[in-house]
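# Summary of structural features
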Amino acid sequence: MPGFGQLALAIGQAAALLLLAPLASGFCRVLRAKIHTRTGPGFLQDYRDILKLLKRQEVVPKGAGIIFRAMPFILMATLLLIAMALPVLTLASPLDAIGNVFTFICLLGLVRFFFSLSGIDSGNTFAGIGASREATMGALMEPVILLALFVAALLAGSTSLGQISTSFRSLSGGSIAAEIAVLFAVAFAVFVEMGKVPYDMAEAEQELQDGPLTEYSGPGLALLKWCVGLRQVVMATILIGVFLPYGAAASASFETLLWAALAFVAKLVCVFLIVGVIENSVARNRFFLTSRSTWAGFGIATLALVFYLVGL
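Residues numbered from 1 in each chain as written. Predicted model: local features only at pLDDT ≥ 70, side-chain atom pairs only at ≥ 80, totals over all residues. Heavy atoms only, no water.

### Description of the environment of leucine 239
Within the secondary structure, leucine 239 sits in helix H9 (residues 218-243). Sequence-wise, leucine 239 and serine 165 are 74 residues apart; in three dimensions their C-alpha atoms are separated by 10.0 Å. What leucine 239 contacts, discounting residues up to four positions off in sequence, is Leu183, Val186, Ala187, Val190 and Leu244. (Helix = DSSP H or I, 4+ residues; strand = E, 2+ residues; numbered from the N terminus. Contact = heavy atoms within 4.5 Å.)

Spelled out as structure tokens, the structure:
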């Protein structure tokens, strides 16, 4: 049972990531505009968009079921639960009972499952096609995440995200090459899961009118837009909190947590900056060509397993 301090830290970091999500999305939009040499929106545009949608009327399709109505709340609750369990400011997970590899994989799969199912449940053809694309991306990327986290757990000798974070900080896994390969495999998976070009199939706004989100409007769409941004921040946090934990606090004192928060924000900005530069330097792929590049992530994860087995 987590103590009061751990519970407060878990809730606090989840709330912070939730508030940072629209700002991170705004940062990506500003960066895209600067690279394209145009003015574009400001950093706070996503906050304004969410507030505007919250004030509008919500229209539900006639044939939509309970999955369509409940999905925004399920998505938000699941992502917040993941955010509470991740080692963000400290090396250890605030909620160690759920801060393990198996729970994380199940929760991440739950997000994708309901996101895809809601598009089918809406009864809209475009939303259904977008949902099938999201499910296909899951089939392509989940083996990469599974294998990479499996090797990371072997290196740390534990499935706890906190133990994996501690192992990667001290490089105590005994296999430097394997740890580097795991880091690159996770970074590749995070980039794809963030839904950036050329893998931006989750929304596919240019092709399928917002994909699974086609039939959402008003407060429901506002919540989902917020969830999309939160998912990107959570995926970036997995990379920098578990596999790049430098600057994380070893103890939960106020001073160490403050420095850890500053280090986390700096790393988060760097990740979104790198992702934004890559996103705006490549062209969007045709969907059926996606599998020709996603195999590279699985290859790197497999290489990490080989390095671990031979002790490199």
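Having seen it, we continue.
### Side note on the nonpolar core
One finds Ile164, Val182, Leu230, Phe243 and Phe272 to be the most contacted residues of the largest nonpolar core, which totals 83 residues. No other element matches the 15 residues that H9 contributes to this core. Setting aside residues up to four positions removed in sequence, phenylalanine 243 forms contacts with Leu149, Ala152, Ile164, Phe168, Val182, Leu183, Val186 and Ile238. (Core = buried A, V, L, I, M, F, W, Y, C linked by side-chain atoms within 4.5 Å. Buried < 20%, exposed > 50% of the residue type's maximum accessible area, 1.4 Å probe, protein only.)

### Comments concerning the packing of helix H7 (residues 176-193) against H9
Two elements in contact, H7 and H9, have axes whose closest approach is 9 Å; the angle formed by their N-to-C orientations is 170°. Taken as axis vectors, H7 and H9 run roughly antiparallel relative to one another. Every residue of H9 that contacts H7 at Val182, Leu183, Val186, Ala187, Val190 and Glu193 is listed here: Arg231, Met235, Ala236, Leu239 and Phe243. Of the residues that constitute the contact of H7 with H9, the class distribution is nine nonpolar, no polar and two charged. (Axes fitted to C-alpha atoms, helices over the stretch in contact; angles between N-to-C directions. Parallel < 35°, antiparallel > 145°, perpendicular 65-115°, else oblique. Nonpolar A, V, L, I, M, F, W, Y, C, P; charged D, E, K, R; others polar.)

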